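A look at the structure
Each chain is listed here by its residues.
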Amino acid sequence: MAGLPIRMEAVTERNKEAGRLGITNFKENIARVMLFCSEIKSIKLIDNDQEYNIERGKSSPDLFGCQILPFYITDNGKSYVKNFLHNQINEYNEKLTQKFGKKPRNLRICCALELDENNNIVNDCRLPCLFCSLPLVGSESHELPFIINSPDFEPDSERQAILLDGNEINEKTKKLSDSGVNMMILDRAHEIFENLLRYISRNEEIGKRYQLTRGLCHTPYVTRFFDSKWYKNEFIIPMREILLQYEIVWDGNKFVKLTDVNIPQFSPNYNHIMSIISNKLYDRKVPEFNESILIEKNIWTNDSKLHYIDMIKCIEKIEKFRTMDVLSSKVSNAWHWLDEFLVFIKRNHPGYLEEHAIIPNMNSDFVKLTKTLSSSKNVPENMIECIEEFGISWKDEHINKNIEEYTTGTDHDIDYTVSRMRGCLKQWPNNGQNNILTLMHYIPHDLDEKFIEKRENLYDFCSTIWNSEMTDKKNGNNFPIELWNGIDDMVFEHLCMNISAFKKLNDRITIDFMKKFLECASQYYQMYRHYSLVPNQNGEFCKYFKECLSVCFNYDINKELLDKEMLPIKHLFNRDKKSINSYSYKLKSFFDLPESYITNSGYGKKINSNYIPIEKKELAANYLIRIIPEQNLSSSNRQRKLFNLYEIFTNKSYDKFEIKNNLYNDEIWRSSNKYIFKFIRKEIEKHENLKSLEDYICKNEEETLNYLLEFIKYSKEGRVILNQNDQFCQRDQLQNDEFENNAFIPDILKDIYKLLGVDIRNSLAHTRMNRPCEKALTFQNICVEIDEKMSNKYNEPKNHSDPDFKKASSCLIEEYFEKIGDEEAKKNFPLIYKLKDPITLNVIFNKETRQSMTKFGKLYDNEDIEKLIKNNEIVKKILNNTNILNKIKNDDISDQTYSSIEKFSDFDDDSKSMSITFSSTISSNLETLNEYKEYIRNIFTHIDFINSVNLRTGRCGEAYIYEYLRNSGLYKNVKWNMLSQDSNGELLEYRNNTYLIKKEGAPYDIEIETYDNRTIYVEVKSTRHEFGNKIPFYISEHQINAMRETLPPNKYVLAIVFDVMNHPRHFFMSLRENIGNLKLVEN
């Protein structure tokens, strides 16, 4: 057939752009179109003088119905070949024939795979897979492992997709539907796909077979004319099953089935590293890297026939190896491989390292990442060996040094290692592992020679003394010299202790050993002089000290003589002259021993094989107190002062021995002085008071106080602290006396407190004791206590006549308040300050006093009284003169003339309102006498409002007013505040009524609620006297303030009741006005 020329000319830009796209599409798809249209043999395209030629080649021999058809292409002078492996069906089909009903119809299907020049399968996902002779452009969402063409496809009207919705049979025609045609074609494509696979599996030259997985992992996203369920179940899944039967995966040596490999499932960014890892970890092969990328992209999931691997499975696989030894047997170059993997995990999934044990520690065991896991790249192996011997699991806590790239971010250096090691070397162990001896094995050879020699010597000394715990020397190179700081002193100390315990030379402790040891110790450990390593007879000891050790502790210094065998090294001890100080440690060891054979402990009774009876320790203290440091102006001479106190309080003189002052002297008496304190304390406690002690020690009060003050600087235990009554007490029984500016509480307050029944001086430390107590009584404390105590006493009328209470009240109100002023009095004594005038009138000037004052006022006029006050000493002499007093008693003295006293009344009977005068201060006794002489006589002789004897009078008056108001019918509610609402209270019977009375009530007696919602507060004042006499009544400052502060329309009134016990009469009055006409009401 001759070629048919077609000429097209593009004019507009849009035409040109469409033309360019059309040419590109033509070149991409023309080979496929020619594959399916065998009638077309060749095509030439001329584009602006650029030629594109494609020519059909000759098909290869048929195998399983499959052939390879080449197309030879020349594109603008460049030649190449496109090969297509294809298989086709062209056979009669009854269903198609019935559907179209004209003439017999064949079913025509061709499936093809494109191969490149190297016979690798090519799958361009940009190009459509569906052809109906021509490509169904727009159907690219249908991804398939091959190209499928069928002229019998039933596409949609726009030829962008095939119809795949609805039933296979048309319900109306009962014939194959359009979708049914397409379903039939896809179903028959399974057979063609398997033929292609059979051909490929027989041809080893065809590569990149993994492309055959394309489109099988999911159904295409098609929104129109598409049954995705049918497509998946009837087309895709059967395709998968066919594919699994053939070798399509290259494992590096050969093609294998998908079921014979592990299929990685990783993020695309991880594919390379994970392909390497999975290849290393699994016996089952893994696709090559390039293949694994596409396989992972196109492979389906949740297929029990396939073997999937992901990141977690790889990590769990490594974790199961548990150690690097096992991993190394599975993986070549395992350390480098794992190091690279750990870096990868840290960067991408750091949480996995905390969840899975895959990090090799220094024992090659796999561990999880923890907060303590670190690297230690620069810590030498010998230090790690040493610290492991200390019992620290260093290798468990640190990453293996073969892991070079991965790090936790924390690297422990030598300084850190030294700090951990020194934490294990703080003290010499009593038993078990001795880390200090472990360190002695390590000899550094990279430090200065003198230090190395010291290390060698200490190793030898330790090997001699603790030979069972010492082994061969070890390399201590790179150990910093600071590691041994302070450690060698401990070693020397315990060497000295162990050597001295031998007491004499033997096979181990030889002359040569001692010479070597003492020469070394003399350079590095001066405290060796305090041990019995070489007894010294050059020391000077006083007789008290020798006797003390011998008599009290059975320790004989004279036996400590130089062994004759030690003479060859005598030159080492020229400066080793022993003194009393050399034995301070020995003294301490004796005093530290238990004081009895059996002692009680938290675990029961304990048997002590070594003990020193307390009598021996006390005797030793008596010896040692007589050894005192010489007088030295530059020192405090504390021990000399204690010796002086010992002599003073024991009232004896002792011989003493003076020693030179030095820094170590205090160690001699450190353990014994507590017994001296005990002796002095016993002497003091023999006396009840200061005077007794003064007489015993033959000192005056000042001296005795000074000695006591000096002693309590040493010890405050026992009954050695004076109180302010000069009695000895224990410290916890007393309080410090504290006032402002370091002063003491005023004596007048202590006197007042005593008059109130508490002698506070008994519980206060003596002012000369320099405040030795932990607790304190402050000025504020005593003010509060006096204020409350005096107020409580005053509230009980029986106390008013108590002479001590009267004196206390007078001292506080008339003396102390006058001294400190009203402002301070009100601040420090708020309760008494409010009550000072009632107390003055009822306690200080009580009834008897007032009667005496009245009589006194009758006997003398003002001028005479003033003379008596001015000459009070003469009066005292008269009172103290027995003869004169007897004459007075026997009326031997003539009468005196009395001056008249002007009388005055308190209120007028005819007044309609009441005047109240309230005075808050009494300036002096003289003023009181002048102002109150007749007033007291007339008024306070008859008053019974506040007398506790007449408490019943007051209660009866309240009951009277209560019943009067309640029965009047004028008020909504009447409440008596003293009336108990329950069964508790004091019984009161009055005018044929019985009441239960509470002990405490409100500030007013009766509360009235009116019908117009006003409140009237009633305070009742009662007397047994009849109306007509001048009977005063007492009004408190609080009640006056309540009157003033009760604002209209509410009121506060007084109810006055006369002759309450017989024929009660009453009236009401207010500070502002009467509540009605002021008139007497008779019952």
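Cut-offs used in this document
- Residues numbered from 1 in each chain as written.
- Predicted model: local features only at pLDDT ≥ 70, side-chain atom pairs only at ≥ 80, totals over all residues.
- Heavy atoms only, no water.
- Helix = DSSP H or I, 4+ residues; strand = E, 2+ residues; numbered from the N terminus.
- Buried < 20%, exposed > 50% of the residue type's maximum accessible area, 1.4 Å probe, protein only.
- Areas by Shrake-Rupley, 256 points an atom, 1.4 Å probe, with all protein chains shown as cover.
- Salt bridge = Lys/Arg side-chain N within 4 Å of Asp/Glu carboxyl O.
- Axes fitted to C-alpha atoms, helices over the stretch in contact; angles between N-to-C directions.
- Parallel < 35°, antiparallel > 145°, perpendicular 65-115°, else oblique.
- Left-handed = near helix turned anticlockwise from the far one by under 90°.
- Contact = heavy atoms within 4.5 Å.
- Phe/Tyr/Trp six-rings, centres within 6.5 Å; stacked < 30°, edge-to-face > 60°.
- Lys NZ or Arg CZ within 6 Å of the ring centre and 35° of its normal.
- Core = buried A, V, L, I, M, F, W, Y, C linked by side-chain atoms within 4.5 Å.
- Expected span 1.5 Å × (residues − 1).
- Patch = residues over 30% accessible without salt bridge, like charges linked within 9 Å, V, L, I, M, F, W, Y side chains within 5 Å.
- Pairing = 2+ DSSP bridges.
- Lys, Arg positive; Asp, Glu negative; His and termini not counted.
- Charge placed at Lys NZ, Arg CZ, Asp CG, Glu CD.
- pLDDT = per-residue confidence, 0-100.
- Polar contact = N/O pair within 3.5 Å; in protein donor to acceptor, adjacent residues only side chain to side chain.

Each helix and strand in the chain was counted, giving 36 helices and 33 strands. Counting the 1083 residues in the chain, one finds 43% classified as buried. Accessible area of the chain: about 59,600 Å², with a carbon and sulfur share of 46%.

This structure, assessed with the given rule, holds 43 salt bridges. Between Arg670 and Glu667 there is a salt bridge; the shortest N-O distance is 3.0 Å. Residue Asp822 pairs with Lys836 through a salt bridge whose shortest N-O separation is 3.8 Å. Placement of the pair is Asp822 in helix H28 (residues 803–828) and Lys836 in helix H29 (residues 830–844), with a sequence separation of 14 residues. On the basis of relative accessible area, Asp822 is assigned to the partly exposed category, the value being 40%. Residue classification places Lys836 among the buried positions, given a relative accessible area of 9%. Members of the salt-bridge network, linked through shared partners, are Asp737, Asp747, Lys750, Asp751 and Arg761.

Attention now moves to unusual backbone geometry. Note the cis peptide between Pro1048 and Pro1049, where omega equals 10°. For Pro1049, the position within the fold is in the loop between helix H36 (1037–1045) and strand E31 (1051–1058). Positive phi values are uncommon outside glycine, yet Phe64 reaches one of about 55°. Position of Phe64 relative to the elements: it lies in the loop between strand E2 (50–56) and strand E3 (66–75).

As for its placement among the helices and strands, Tyr583 is situated in the loop between helix H18 (543–553) and helix H19 (584–591). Each C-alpha atom, one on Tyr583 and one on His530, is 7.2 Å from the other, the two residues being 53 residues apart in sequence.

Our next topic: the packing of helix H27 (residues 779–794) against H29. Taken N-terminus to C-terminus, the directions of H27 and H29 make an angle of 40°; their axes are 10 Å apart at the nearest point. Looking at the two axes, H27 sits oblique to H29. In terms of crossing hand, the pair formed by H27 and H29 is left-handed. Every residue of H29 that contacts H27 at Asp787, Glu788, Met790, Ser791 and Tyr794 is listed here: Pro830, Leu831, Ile832, Leu835, Pro838, Ile839, Asn842 and Val843.

The complete set of buried residues in helix H11 (residues 381–389) reads Asn382, Met383, Ile384, Cys386 and Ile387. Each element contacted by the buried residues of H11 is listed here: helix H12 (394–397), helix H13 (414–423), helix H14 (435–440), strand E16 (442–443) and strand E17 (474–475). Residue Gly391 follows H11 closely and has a positive phi angle near 100°.

Looking now at the packing of aromatic side chains. What characterises a pair of aromatic rings is the spacing of the ring centres plus the angle enclosed by the ring planes. Under the defined criterion, the tally for this structure stands at 38 aromatic pairs. Taking the centre distance of 5.0 Å and the plane angle of 20° together, the rings of Tyr646 and Tyr654 count as stacked. Judged by its relative accessible area of 4%, Tyr646 is buried. Aromatic rings pair up to connect Phe545, Phe553, Tyr555, Tyr583, Phe590, Phe591 and Tyr675 into one cluster. The residue whose ring lies beneath Lys99 is Phe100, and the NZ or CZ to ring-centre distance is 5.7 Å. We note Lys454 situated over the ring of Tyr524; from NZ or CZ to the ring centre the distance is 4.5 Å.

What follows covers the nonpolar core. Counting 59 residues, the largest nonpolar core has Leu85, Ile148 and Leu258 as the members making the most contacts within it. Of all the elements in the fold, those that place two or more residues in this core are E3, strand E4 (78–92), strand E5 (106–115), strand E7 (130–132), helix H3 (178–202), helix H4 (228–243) and strand E10 (247–250). Looking at this core element by element, the count peaks at 12 residues for H3. Residue contacts for Leu258: discarding those within four places in its chain leaves Thr213, Leu243, Leu244, Tyr246, Ile248, Val249, Ile263, Ile295, Ile299, Trp300 and Leu306.

Take helix H35 (residues 951–968) next. Within an α-helix, residues lying three or four positions from one another point in the same direction, as the helix has 3.6 residues per turn. Here H35 spans 26 Å end to end across 18 residues, near enough to the 26 Å set by a 1.5 Å rise per residue. Every buried residue belonging to H35 is among Thr953, Arg955, Cys956, Gly957, Glu958, Ala959, Tyr960, Ile961, Tyr962, Glu963 and Leu965, and all of these are buried. Once H35 ends, the next one or two residues include Gly969, with phi positive near 75°.

This brings us to a nonpolar patch on the surface. A cluster of nonpolar residues, Tyr597, Ile598, Ile607 and Tyr611, forms a patch on the protein surface that exposes about 390 Å² of accessible area. Topologically, Ile598 is positioned in strand E18 (residues 598–601). On the basis of relative accessible area, Ile598 is assigned to the partly exposed category, the value being 42%.

Looking now at the pairing of E3. Both E2 and E3 contribute to a ladder of five bridges, which runs antiparallel. Looking across to E3, one finds that Glu55 is bridged to Tyr72. By the bridge criterion, 10 bridges tie E3 to E4 in an arrangement that is antiparallel. If you follow Ile73 over to E4, its bridge partner there is Tyr80. Once E3 ends, the chain turns through two residues before running back antiparallel as E4, passing Asn76 with a positive phi of about 55°.

A separate point is a negative patch on the surface. Among the surface-exposed residues, Asp411, Asp413, Asp415 and Glu482 lie close enough to one another that they form a single negatively charged patch. Checked against the element boundaries, Glu482 lands in the loop between E17 and helix H16 (487–502).

For Ser179, the position within the fold is in helix H3. Beyond its immediate sequence surroundings of up to four residues, Ser179 is in contact with Leu163, Leu164, Asp165 and Asn167.

In the predicted model, the chain carries a mean pLDDT of 82, and 81% of its residues have values of at least 70. Note on residues 893–949: pLDDT under 50 across the span, and 92 contacts to partners over four residues away in sequence or across chains. The model gives residues 1073–1083 a pLDDT under 50, and that stretch makes 22 contacts with residues more than four places away or in other chains.

Relative to the elements of secondary structure, Ile68 occurs in strand E3. For the pair Ile68 and Leu113, spaced 45 residues apart in sequence, the C-alpha to C-alpha distance is 9.2 Å. Not counting the four nearest positions on each side in its chain, Ile68 is found in contact with Lys58, Ser59, Ser60, Asn83, Phe84, Leu85, Leu115 and Tyr199.

For the rest of this paragraph, the subject is the side chain of Asn723. Secondary-structure assignment places Asn723 in the loop between strand E22 (721–722) and strand E23 (728–729). Given the relative accessible area of 1%, Asn723 is considered buried. A distance of 2.8 Å separates a polar side-chain atom of Asn723 from the backbone nitrogen of Asn725. At 3.2 Å, the side chain of Asn723 and the backbone oxygen of Asn762 are in polar contact. The residues touching Asn723, leaving out its near neighbours within four places in the chain, are Cys729, Leu734, Arg761, Asn762, Leu764, Ala765 and His766.

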